[in-house]
Amino acid sequence: MAELDTLDVVVLVAILVGTVAYLTKGKLWAVAKDPYAASFPGANGVKSGKTRNIIEAMEESGKNCIIFYGSQTGTAEDYAARLAKEGKSRFGLETMVADLEDYDFDNLDQIPSDKVVFFVLATYGEGEPTDNAVEFYEFITSESPSFSQDNDPPLANLNYVTFGLGNNTYEHYNAMVRNVDKSLQRLGAHRIGEAGEGDDGAGTMEEDFLAWKDPMWAALAAKMGLEEREGVYEPIFGIVEREGLTRDSPEVYLGEPNKSHLDGTPKGPFNAHNPYIAPIAKSYELFKVKDRNCLHMDIDVSASNLTYQTGDHIAVWPTNAGEEVDRFLDLFDLTDKRHNVISVKALEPTAKVPFPTPTTYDAIVRYHMEICAPVSRQFVASLAPFAPTEEAKAELTKLGNDKDYFHAKVTTHYLNIARLLSTVAKGKKWSNVPFSLLIEGITKLQPRYYSISSSSLEQPKIISITAVVEAQALPGREDPFRGVSTNYLLALKEKQNGDPNPTPFGLSYEITGPRNKYDGCHVPVHVRHSNFKLPSNPTKPVIMIGPGTGVAPFRGFVRERRKMAENGQEVGKTLLFFGCRKSTEDFLYEEEWKEAKEVLGDKFELVTAFSREGPKKVYVQHRLKERAKEINELLEQKAYFYVCGDAANMAREVNAVLAQIIASERGIPEAKAEEIVKQMRSSNQYQEDVWS
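An unreviewed UniProt entry annotates the protein chain as NADPH--cytochrome P450 reductase of Humicola insolens.

Below, the structure written as structure tokens:
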């Protein structure tokens, strides 16, 4: 065989390279960029690179109003978007919405006085900043923040507006916005209008926001010389039908949260932008009655980099029930187009499309829109111009303008947007509503957080959930209001336990997920770390108050101490107060407490309150008072005190009873005892994990 000379080799290599290049063009290189693709977090939920300089961001996009949000569940982000939209449509402001974690704040002192900055800030837990606001909060409330210039005072040029989202059942109500407002004023900034505060605990958040914003706009208009104009709908997003694509096209998102999930290779870090699709190891019913459900579910995170510590929270990413998706699509005349592929494009540079595209109408409504949520009065008013009849338009206008009428007709019945509009228009379709307006006006479907009920010491890679399936009968409503996430979990439990097509309470779910990626009983999750923790010294006594599913984190605490004891560690007194209706119906983990007693002996005691077994109702706070002497003695030994469950009633009453116990047992005035309880809270000796 003839030998190849150097020239032959060079020619053959060139031909080979050229062939490979030709075959891989458009796949590995020279990939055509989708002109309609939305800017969205990348493969693992990490946000793409962009400037962190506030001044640059505003100047590049020609903005004179930036609205920052600190949000945990999406409400503050929604309010920020609504303020931006209203500022532009009513006053011609060039607005942009911004996530606090996307920017640095050392050049806040360079924002000129002809621009304005809004801070829409939720308070999380016991007066803490939301996850995306931690760095900003630590910077702005520090003793002497380091700014870019030597102005005195540093923020003399800054005009700002604030609104806080809080819950008055917590000790540190709206602490985030109050502390930020105080710091900004200390640094010389000028607040425009009142510092608004919304109260989720009183159920008045939406009305508090609406009542605050109109006088705020008046004050801002006067300060900045703005003239109000008639508000006309201007879309923030453009909707483009993608005729060359079908739902089977590999680049079309059918509910996948980001590119790595679309490609079938999801990778960490798994977080609030990027869930882990976790297998459910096991699930079972905890209640012994047929008309109510409480689930125990074990989530296996062993194949991920997710870790947790006892007392943390797990977030479940739910999907909407098929019946609600169908109702929504039918109302807006989208049923025939449900699987059409569309791209959603931001029409102005600072707007963020809230989900990846190209996608379908069905996928957006099923996986990304909070279509079952209570309706905003402001959003209802914005739909009036698109009503199918004059009668419906007049009714929506009245609902939007009259808060008492809105409360009676909508709020008390927990009507979602599709149910409300169907009633108002007597079944007629709302074909004229721009889909962009629905994207802008309906909150993004949010993960639901649950207190983890397992011990990381005992099972570091299995996370347990204990959750009551939400179903609330309401006067004037034919069917009960049903929780989105817990009914989704119930369907998953039924599937795992043998039902091939579960439809709990007539609700069906795409439980196999987009492209069957959740098949085999998987659920999308991430972990949120919490400060609700056992004392670092295991010999410290602990007192735990956890009625109903409020016992969830305490199951984890007790199992942790049980495991410690089995490992030969000494543990302190572990006293648990648990309450439910009847011992024969909803006594959660009854056998487990007996097993814990066998291991821990006198170190563990369970005190029960069965509210419907005696002649009068008995709750955990009554049992707590009965043990006043022992409680006081344990507190004098520096016992840690924990409360988990209903914030509005139980947690408040427990707080009051504890102050009464300290006052009576120590012979001091109740006011002094209340101060002691406050000190316990501030030193983390008294901890709460409560909800409205």
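Describing the overall build of the protein chain
The helix and strand inventory of the protein chain stands at 21 helices and 23 strands. Scaling as 2.2 N^0.38, a compact globule of 692 residues should have a C-alpha radius of gyration of about 26 Å, and the protein chain matches this with 28 Å. If one aligns the C-alpha atoms of the protein chain with their principal axes, the spans along those axes are about 90 × 85 × 60 Å. Counting over 692 residues, the protein chain shows a buried share of 52%. Of all intrachain contacts in the protein chain linking residues separated by at least 6 positions in sequence, the fraction that spans at least 24 positions is 78%.

Section: the confidence of the model for the protein chain
Caution is warranted with low-pLDDT regions, since their predicted coordinates should not be read in detail. On average, the protein chain scores 92 in pLDDT, and the residues at 70 or more come to 93%. Segment residues 23–32 is flagged for pLDDT under 50; beyond a separation of four residues in sequence, or across chains, it makes four contacts in the model.

Here we look at helix α3 (residues 75–91)
If you check α3, its first and last C-alpha atoms are 23 Å apart, about what 17 residues at 1.5 Å a residue would give, namely 24 Å. Counting buried residues in α3 gives twelve out of 17 residues, a clear majority hidden from the surface. When we look at burial in α3, the residues that qualify are A76, D78, Y79, A80, R82, L83, A84, E86, G87, S89, R90 and F91. Packing partners of the buried residues in α3 comprise β1 (65–70), β2 (95–99), β3 (116–124), β5 (159–166), α6 (205–224) and α10 (377–383). Positive backbone phi, approximately 70 degrees, marks G92, located one or two places after α3.

Concerning the side chain of S455
Summarising the element assignment, S455 is placed in the loop between β14 (448–451) and β15 (462–468). Assessed through its relative accessible area of 0%, S455 is described here as buried. A polar contact of 3.2 Å, which involves the side chain of S455, links it to the backbone nitrogen of L457. Within the local environment of S455, its side chain forms a polar contact with the side chain of E560, the two groups lying 2.6 Å apart. Not counting chain neighbours up to four residues away, the residues in contact with S455 comprise Y308, T310, P460, G556, R559 and E560.

What about the packing of helix α20 (residues 647–666) against helix α21 (residues 670–682)?
Close contact between α20 and α21 brings their axes to 8 Å; oriented N to C, the two are set at 120 degrees. Classified by the interaxial angle, the pair formed by α20 and α21 is oblique. The handedness of the crossing between α20 and α21 is right-handed. Of the residues in α21, those in contact with N655, L658, A659, Q660, I662, A663 and R666 of α20 are E670, A673, E674, I676, V677, M680 and R681. Residue classes in the contact of α20 with α21 are distributed as eight nonpolar, two polar and four charged.

Concerning empty space enclosed by the protein
Counting across every chain of the model gives one cavity of 30 Å³ or more. Counted as a void, the largest cavity has a volume near 30 Å³. Taken together, R555, V558, R559, R562, E592, W593 and A596 make up the full set of residues lining the largest cavity. Secondary-structure elements contributing two or more residues to the lining of the largest cavity are α16 (552–566) and α17 (590–600). Per-class residue counts for the lining of the largest cavity are three nonpolar, no polar and four charged.

Let's talk about the pattern of salt bridges
Counted by the stated rule, this structure contains 47 salt bridges. The salt bridge involving D312 is made with K533; its shortest N-O contact spans 2.6 Å. Placement of the pair is D312 in the loop between β10 (294–300) and β11 (313–316) and K533 in the loop between β18 (522–528) and β19 (542–545), with a sequence separation of 221 residues. On the basis of relative accessible area, D312 is assigned to the buried category, the value being 1%.

What to know about the UniProt feature "binding site: FAD" (unreviewed entry) in the protein chain
Per the UniProt annotation, the sites labelled "binding site: FAD" (unreviewed entry) are R448, Y449, Y450, S451, T466, A467, V468, G483, V484, S485, T486 and W691. Here Y450 shows up in strand β14. The class for Y450 is buried, based on a relative accessible area of 11%. Y450 has contacts with D312, H313, I314, V316, I465, A467, S485, T486 and L489, leaving out every residue within four places of it along the chain. Looking at the element boundaries, V468 is found in strand β15. Apart from the residues within four sequence positions on either side, V468 is in contact with F287, N293, C294, T486 and T549.

Let's talk about the nonpolar core
Membership of the largest hydrophobic core comes to 46 residues, with the highest contact counts inside it found for F328, M369 and W430. Elements that contribute at least two residues to this core include exactly α8 (322–331), β12 (341–346), α9 (361–368), α10, α11 (390–401), α12 (403–409), α13 (417–424) and α14 (435–441). When residues of this core are assigned to their parent elements, the largest contribution, five residues, is made by α13. Not counting residues up to four positions away in its chain, the partners in contact with M369 are N320, F328, I364, F435, L438, I439, I442, T443 and L445. Counting 33 residues, the second largest nonpolar core, distinct from the first, contains V657, L658, I662 and V690.

What to know about the pairing of strand β23 (residues 686–691)
Burial of β23 is extensive: five of the six residues sit out of reach of the surface. In terms of strand pairing, strand β22 (residues 640–646) meets β23 through six bridges, oriented parallel. Residue G645 lies in a different strand from β23, and its bridge partner there is V690.

Notes on the packing of aromatic side chains
Using the criterion set out here, one finds 31 aromatic pairs in the structure. Seen in terms of ring centroids, F587 and F610 are 5.3 Å apart; in terms of plane orientation they differ by 65 degrees. Their pairing is edge-to-face. Within this pair, whereas F587 is found in the loop between β20 (574–580) and α17, its partner F610 is found in strand β21 (residues 604–610), the two being separated by 23 residues in sequence. Among the aromatic residues, those joined into a ring-pair cluster are F68, Y103, F105, F119 and F136. Its end group placed over the ring of Y449, R528 keeps NZ or CZ at 3.7 Å from the ring centre.

A closer look at the side chain of T319
For T319, the position within the fold is in the loop between β11 and α8. Using a relative accessible area of 1% as the deciding quantity, one classes T319 as buried. Beyond its immediate chain neighbours, meaning those up to four positions away, T319 contacts R366, Y367, L445, V484, Y488 and Y509.

Here's the deal with the state of the cysteines
Taken as a whole and judged by the stated rule, the model has zero disulfides. The thiol of C580 is unpaired, and the distance to the nearest cysteine sulfur, on C294, comes to 10 Å. On the basis of relative accessible area, C580 is assigned to the buried category, the value being 10%.

Quick look at the UniProt feature "domain: Flavodoxin-like" (unreviewed entry) in the protein chain
This chain's UniProt record puts "domain: Flavodoxin-like" (unreviewed entry) on residues 65–217. Between the first and last C-alpha atoms of residues 65–217 the distance is 13 Å; the span itself is 32% helix and 24% strand.

Scoring rules and cut-offs
- Residues numbered from 1 in each chain as written.
- Predicted model: local features only at pLDDT ≥ 70, side-chain atom pairs only at ≥ 80, totals over all residues.
- Heavy atoms only, no water.
- Helix = DSSP H or I, 4+ residues; strand = E, 2+ residues; numbered from the N terminus.
- Rg over C-alpha atoms; globule rule 2.2 N^0.38 Å.
- Buried < 20%, exposed > 50% of the residue type's maximum accessible area, 1.4 Å probe, protein only.
- Contact = heavy atoms within 4.5 Å.
- pLDDT = per-residue confidence, 0-100.
- Expected span 1.5 Å × (residues − 1).
- Polar contact = N/O pair within 3.5 Å; in protein donor to acceptor, adjacent residues only side chain to side chain.
- Axes fitted to C-alpha atoms, helices over the stretch in contact; angles between N-to-C directions.
- Parallel < 35°, antiparallel > 145°, perpendicular 65-115°, else oblique.
- Left-handed = near helix turned anticlockwise from the far one by under 90°.
- Nonpolar A, V, L, I, M, F, W, Y, C, P; charged D, E, K, R; others polar.
- 1 Å grid on protein atoms, 1.4 Å probe; cavity = no way out; pocket = protein on both sides within 12 Å on 5 of 7 lines; lining within 4 Å.
- Points joined across faces, edges and corners; volume = space filled by probe spheres on them.
- Salt bridge = Lys/Arg side-chain N within 4 Å of Asp/Glu carboxyl O.
- UniProt positions renumbered as here; feature names shortened; annotations may be inferred.
- Core = buried A, V, L, I, M, F, W, Y, C linked by side-chain atoms within 4.5 Å.
- Pairing = 2+ DSSP bridges.
- Phe/Tyr/Trp six-rings, centres within 6.5 Å; stacked < 30°, edge-to-face > 60°.
- Lys NZ or Arg CZ within 6 Å of the ring centre and 35° of its normal.
- Disulfide = S-S within 2.5 Å.

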